[in-house]
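# Close look at the chain arrangement
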Amino acid sequence: ASRVMVASRNYADFASEATFEVKKCDLHRLEEGPSTTAVMTREEGLHYYKTMQTIRRMELKSDQLYKQKIIRGFCHLYDGQEACCVGLEAAIKPTDHVITAYRAHGFTYARGVPVREILAELTGRKGGCVKGKGGSMHMYTKNFYGGNGIVGAQVPLGAGIALACKYFGKNEVCLTLYGDGAANQGQIFETYNMAALWKLPCIFICENNRYGMGTSVERAAASTDYYKRGDFIPGLRVDGMDVLCVREAAKFAVEHCRAGKGPIVMELQTYRYHGHSMSDPGISYRTREEIQEVRSKSDPITLLKDRMVNNNLASIEELKEIDVAVRKEIEEAAQFATTDPEPPLEELGNHIYFNEPPFEVRGPNQWIRYKSVS
Amino acid sequence: MNLFQSITSALDNALAKDPTAVVFGEDVAFGGVFRCTVGLRDKYGKDRVFNTPLCEQGIVGFGIGVAVAGATAIAEIQFADYIFPAFDQIVNEAAKYRYRSGDLFNCGNLTIRAPWGCVGHGALYHSQSPEAFFAHCPGIKIVIPRSPLQAKGLLLSCIEDKNPCIFFEPKILYRAAVEQVPVEPYNIPLSQAEVLQTGSDVTLVAWGTQVHVIKEVAAMAQEKLGVSCEVIDLRTILPWDAETVCK
C-alpha cells in the first residue's frame, strides 16, 4: 500500500522572522530617531496578532453587553487603537510602569489582566480585577496604575511614579499616557517642567485619535504637533496604527530614559472606531466615510495580518484559528461576567481609609448605612 | 419646557438683552453635552458662543478676565466634578477681586454654570455635588434650582447679579422635570429661600433634586406619623436666607 500525503502543514514551512520597513518618525530636538526597519519573529507576530484581536473582540463584546444594559455607567472603547498598547507593551518589561486615562481596557489586558476579570469588572461583579468596585475607568493591576477618570490628572501621577523609579534605582521607566484633549490641560505642562528639570524616566505618550470627545484637534489646539508640545523635551511622532512602528519608537524612548537622558514625548497617531463613549454615536463630528477609510486602509490588525501572510510568517488558516480561539475565550469571559455575583453589600463601604476602626458610611438615603472596614 | 430647555431660554434671553454677553465652555458650540446651548451659536454668532479647549482652570481664569474687562461672561464647566482645577481661580481670584481692589475692579459679570448632582449611573466623576466646598468662601454666590421654572429665573438673576455666581444645574432633572415656563425673561431673587409647604413641627431644608424627595418625605411624615413639616427650598446656598429658615 502506498501512502499519499494529501496535505500537511509543516511549521518549518514558515519563516522564523522577517524584516519590515516602518514609517520614519518625525523628530523634535533629536538628532536621530528610532530605526526604520523592524525585525519581527513569527512568535512575536502571532503574539501581537492574538493580543490585538483579543482586545478588538473584547471591546466589541463590551459594546454588545452595554447595549444589553448588562454593563452600565460609562464605557470608553479602544477598538482601532490596539497597536498602541500592544506596541508599547512589547517595548517595555513587566517591571516597568504604565498609567493611562479612561480608555484603559486595552492596557489592562496588555498588562496582564485576563479578559474575564476585565469583563467582570465592567459588569460590576466580584470576580472583576478591582472586585467590581472600579468599573470601566478604574482598572488596575501590578505596575498598571489605571484607569483614571479626570482628564489629565494622571500625568503628574506618572511623573511621580517616574521619580520613584529613579529614586529606587531599579532602572525602570514609567509610560504616562494621555489623549489629544488632555494635551491642553495645564497640569500636563507643569509635569513636563518637573520631569525635565529632574530628568525623570517618564515617557509622555499622547494617543492622538484626532478627537477630544467631539472636538477635532484643529478646533482645540493652537498646535496639533503634540510631540513638540513638551518644548524643551525631545519628542517623536509615531504611526500609531502600525504595531511595529510603535514598538520601535517605544524601544528608542525607553532606551533614552534608561540611559538617564530625562523624559521624552511620543505622539501616537491613531484612531478610535467607536465614539468617545457608548453614549456617543461618533458620527456627529466625523463622517462615516472617514471611519470606513481608516478601517479599510489603516486597521492595525489587518496591517499585521497582511504583513505576516505576505512574508510567510503565518498562514491565513492559522490566523483564522487564532480568531476562533479568541472568540471562544471572549464568549467564556462574557459568560463569567454575566453570571458571577455582585460584590456583597457589606463590602460596599470598605477601603475608604486604611487601618482605621470601622465607621459608618451613609448610603443613597438616610436609612442605608454601610460599614467601612479598612 | 424641561430643565435644559429652560436654561437655553434663559441664555437666549441674556444674549439678546445684553450685547456683551458671551457663552463659552467645552463643546457648547454644537449645543452642549446636555443640550443646554442648542441653537445659540447659530442665532448669536461664533464670536459670542464658542468652545474652549479642555482646561477648566483656563476657562474660569479666562472668564474672570472677560468679566473684569466689562463683558458678561457665562462659562460652562462640563460637569461639576471637573470644577476642581478651577477652585483656585474661583476662591482666590474671582471671590476676592472686588475686595482686594477696593471696589476698583470686579468680576461680577461672571456666571459659572455646571451640571450637578447624582444621576444614577454617574459614579465617581459625573455625580458630585461640590457646593459645600464653595459655601465657605465669601465673595461668590451659589445657586441651585429645583425645577425649570425656578432655573430660568434664578439663572437670569445670576447673570445680572454684579457678583460672581456659580449656578449648579441638577443633571438628573434636565429631561425629567417639565413645567410651563415663560419665553420672556423673568427674574427670581437670589438669597431668598422659598417655603413650599408650611408646617409646625419640624423644618426640612433642601435644594436641587433633594427638594422633591423632601416633599415626598413631608407627605409621608404627615400621613404615617402625623407630623407637620415645613418644607423650604433654600435656592441660594451662599449667601443663604437664614431669616426664612429660622422663622
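Quantities reported herein were computed from a predicted structural model and do not represent experimental measurements.

## Some details on the overall build of chain A
When helices and strands are tallied, chain A shows 11 helices and 12 strands. Against the compact-globule benchmark of 21 Å for 374 residues, chain A has a radius of gyration of 22 Å, which places it among compact chains. Taken over the C-alpha atoms alone, chain A extends approximately 80 × 60 × 45 Å along its principal axes. For chain A, with 374 residues in total, the buried portion stands at 56%. By sequence separation, contacts in chain A at least 24 residues apart represent 70% of the contacts at least 6 residues apart. Split by element, the accessible area of chain A, about 17600 Å² in all, is 51% carbon and sulfur. In chain A, the 47 positive side-chain charges and the 47 negative ones have mean positions that sit 3 Å from each other.

## Concerning the domain arrangement of chain A
Domains assigned within chain A are domain 1 (17–212 + 220–278 + 289–343) and domain 2 (345–373). Distance from the C-alpha centre of domain 1 of chain A to the C-alpha centre of domain 2 of chain A: 35 Å.

## Focus: the pattern of salt bridges
Enumeration over the complete set of coordinates arrives at 27 salt bridges over all chains. A:Asp299 is paired through a salt bridge with A:Arg56; the nearest N and O atoms lie 2.9 Å apart. Residue A:Asp299 is found in the loop between helix 9 (288–298) and helix 10 (300–310), and its partner A:Arg56 is found in helix 1 (residues 42–67); the two are separated by 243 residues along the sequence. Note that B:Lys17 and B:Glu160 form a salt bridge whose closest N and O atoms lie 2.9 Å from each other. With B:Lys17 in helix 1 (residues 3–17) and B:Glu160 in helix 7 (residues 148–160), the pair connects residues that are 143 residues apart, well separated along the chain. Judged by relative accessible area, which is 36%, B:Glu160 ranks as partly exposed. Each of A:Asp26, A:Asp225, A:Lys228 and A:Arg237 takes part in one network of salt bridges that share partners.

## Quick word on the pairing of strand 6 (residues 165–170) of chain B
Look at any regular strand and the pattern is simple: side chains alternate between the two faces of the sheet. Residue and element names in this part refer to chain B. Among the 6 residues of strand 6, 6 are classified as buried, and the element is accordingly described as predominantly covered. Direction of pairing for strand 4 (residues 110–116) relative to strand 6: parallel, over a ladder of 6 bridges. Of the residues in strand 6, the one forming a bridge with Ile-112 is Ile-166. For strand 5 (residues 141–143) and strand 6, the ladder comprises 3 bridges, and the chain directions are parallel.

## Re the domain arrangement of chain B
All names here are of chain B. Examined at the domain level, chain B breaks down into domain 1 (3–176) and domain 2 (194–240). If you average the C-alpha positions of domain 1 and of domain 2, the two centres end up 27 Å apart. Taken residue by residue, the interface counts 17 residues in domain 1 and 13 residues in domain 2. Note on domain 1 versus domain 2: buried area summed over both sides is about 1200 Å², and carbon and sulfur give 59% of it. In terms of surface lost to domain 2, no three residues of domain 1 exceed Ile-142, Ile-144 and Arg-146, which account for 44% of the buried area on that side. Inspection of the domain 1/domain 2 interface yields 2 salt bridges. Counting every contact that joins domain 1 to domain 2 gives 9 residue pairs in polar contact (both at pLDDT 80 or more). Listed by contribution, the elements that provide at least two residues to the side of domain 1 that touches domain 2 are helix 6 (131–134), strand 5 and helix 7.

## Concerning the sheet that holds strand 9 (residues 229–233) of chain B
Residue and element names in this part refer to chain B. Taken in spatial order, the 3 strands make up an open sheet running 7-9-8, and their pairing is mixed. Both outer strands of the open sheet, strand 7 (194–197) and strand 8 (202–206), are each paired with one neighbouring strand and no more. Each strand axis lies, on average, 30° off the axis of its neighbour in the sheet, ignoring direction. Relative to strand 9, strand 7 is paired through 3 bridges, and the arrangement is antiparallel. The residue of strand 9 that forms the bridge with Glu-194 is Asp-233. With respect to the sheet, helix 9 (residues 210–225) is in contact with strand 7, strand 8 and strand 9, its orientation differing from that of strand 9 by roughly 170°.

Conventions adopted
Residues numbered from 1 in each chain as written. Chains lettered and ligands numbered in written order. Predicted model: local features only at pLDDT ≥ 70, side-chain atom pairs only at ≥ 80, totals over all residues. Heavy atoms only, no water. Helix = DSSP H or I, 4+ residues; strand = E, 2+ residues; numbered from the N terminus. Rg over C-alpha atoms; globule rule 2.2 N^0.38 Å. Buried < 20%, exposed > 50% of the residue type's maximum accessible area, 1.4 Å probe, protein only. Contact = heavy atoms within 4.5 Å. Areas by Shrake-Rupley, 256 points an atom, 1.4 Å probe, with all protein chains shown as cover. Lys, Arg positive; Asp, Glu negative; His and termini not counted. Charge placed at Lys NZ, Arg CZ, Asp CG, Glu CD. Domains from an automatic or database assignment. Salt bridge = Lys/Arg side-chain N within 4 Å of Asp/Glu carboxyl O. Pairing = 2+ DSSP bridges. Buried area = accessible area lost by both parts, 1.4 Å probe. Polar contact = N/O pair within 3.5 Å; in protein donor to acceptor, adjacent residues only side chain to side chain. Axes fitted to C-alpha atoms, helices over the stretch in contact; angles between N-to-C directions.

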